[in-house]
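Inside the fold
Here is how the chains run, residue by residue.
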Amino acid sequence: MKKEELSERLALAERLAREAGALAIDYQQRGFEVELKSDASLVTVADGAVETFLKERLADAFPADRFFGEETGGGVDGPSWIIDPIDGTSNYARRRPFWCVSIGFFVDGAPALGVVYDPLRDEMFHGLASAPPLLNGTVCAPLEPVELGPRASMGFGSMETEPGRPGLRLVGALLDAGVSMRNFGAGALMLAYVASGRFDGYFENGLKLWDAAAALALLKGAGAPYAAPFDLSEPGRGAPVTAAAPQLFEAFVALKRDLAAS
Ligand code: LIP
């Protein structure tokens, strides 16, 4: 896809992310029912309404593009929008101020552009995967190498309770190494924080494609090493996602490997 075609899509995604954020805030102010999904995650009427808004507006503008969203599904065969209408739904539902609208676009199975918008702070992390990410139009500083130790701060997400609980052992080992650890409950926003240098790394065992798609484009543009082994033939399945600054990424992968072998 030509750069002009991607830039046109990025410009619309930026406009729609703001409108979607305003819609989500409006629902929050009016109040809504919170339901439990089959995977025990929370969903509100706002999630569906925001996703429908984005799906319809993107389809109007680019009818040949595919669409894959957390709430309405779809497919990713061909140029595809991958949407998490409200990432951090549990925070949103309980009025904890850490959630975002995440709009990603993949071409040939790879991240091409991303918009991660935090409406509460009016902070938009956006860009093409072929260029450094922007925060509200300003280019983010290049990521500096960081050692695994007290100077590093990392985010983490839900830790599936696999046999032997490797995720918890990994968090414990990082804490032992002096790394500052945070779990803010919105993987898309946390990955955007890594791409923009606010955190040095993030990992989550079962992150979904819709959580990560937009931020992966920002990380690619930032030159941040990451591992996101999604199987696009089954786009609803989660994957163990890791992203970090240079040096920290390699040290984290080695630590995870050593723990698995012990
Ligand atoms: C959330 C992710 C978060 C994860 C939560 C949930 P949602 O996405 O952003 O990283 O730990 O379990 O999946 O469901 O709020 O869009």
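Here we summarise the structure given alongside this text. Every value quoted in this text rests on a predicted model; they were computed, and no experiment measured them. (Residues numbered from 1 in each chain as written. Predicted model: local features only at pLDDT ≥ 70, side-chain atom pairs only at ≥ 80, totals over all residues. Heavy atoms only, no water.)

**Focus on the pattern of salt bridges**
This model, assessed by the stated rule, comprises seven salt bridges. One salt bridge in this structure joins Arg57 and Glu19, with 3.0 Å as the shortest N-O distance. Placement of Arg57 in helix 2 (residues 45-61) and of Glu19 in helix 1 (residues 3-30) is noted, with a sequence separation of 38 residues between them. Put simply, Arg66 and Asp77 hold a salt bridge, and the shortest N to O gap is 2.2 Å. Of this pair, Arg66 sits in strand 3 (residues 66-69) while Asp77 is found in the loop between strand 4 (73-74) and strand 5 (80-87), placing the two residues eleven residues apart along the sequence. The exposure class of Arg66 is partly exposed, given its relative accessible area of 31%. The class for Asp77 is exposed, based on a relative accessible area of 54%. (Salt bridge = Lys/Arg side-chain N within 4 Å of Asp/Glu carboxyl O. Helix = DSSP H or I, 4+ residues; strand = E, 2+ residues; numbered from the N terminus. Buried < 20%, exposed > 50% of the residue type's maximum accessible area, 1.4 Å probe, protein only.)

**Focus on the packing of aromatic side chains**
One pair of aromatic rings is described through two measures. These are the centre distance and the angle between the planes. One pass over the full model with this rule turns up eleven aromatic pairs. Summarising the aromatic geometry, the rings of Trp81 and Phe105 are spaced 4.6 Å apart at their centres and angled 45 degrees between planes, so their arrangement reads as tilted. Separated by 24 residues along the polypeptide, Trp81 in strand 5 and Phe105 in strand 6 (residues 100-107) bring together distant segments of the chain. Considered together, Trp81 and Phe105 belong to a single accessibility category, that of buried residues. Between the aromatic rings of Phe184 and Phe199, the centroid separation amounts to 5.9 Å while the plane-to-plane angle is 75 degrees, which identifies the pairing as edge-to-face. Here Phe199 lies in the loop between helix 5 (187-195) and strand 13 (201-207) and Phe184 lies in the loop between strand 12 (180-182) and helix 5, a separation of 15 residues in the sequence. Taking relative accessible area as the criterion, Phe184 reaches 33% and is therefore assigned partly exposed. Taken together, the ring pairs connect Phe98, Phe125, Phe184, Tyr193 and Phe199 into an aromatic cluster. The aromatic ring of Tyr27 is capped on one face by Arg30, whose charged end is 4.7 Å from the ring centroid. Lying over the aromatic face of Tyr193, Arg198 brings its terminal NZ or CZ to 4.9 Å of the ring centre. (Phe/Tyr/Trp six-rings, centres within 6.5 Å; stacked < 30°, edge-to-face > 60°. Lys NZ or Arg CZ within 6 Å of the ring centre and 35° of its normal.)

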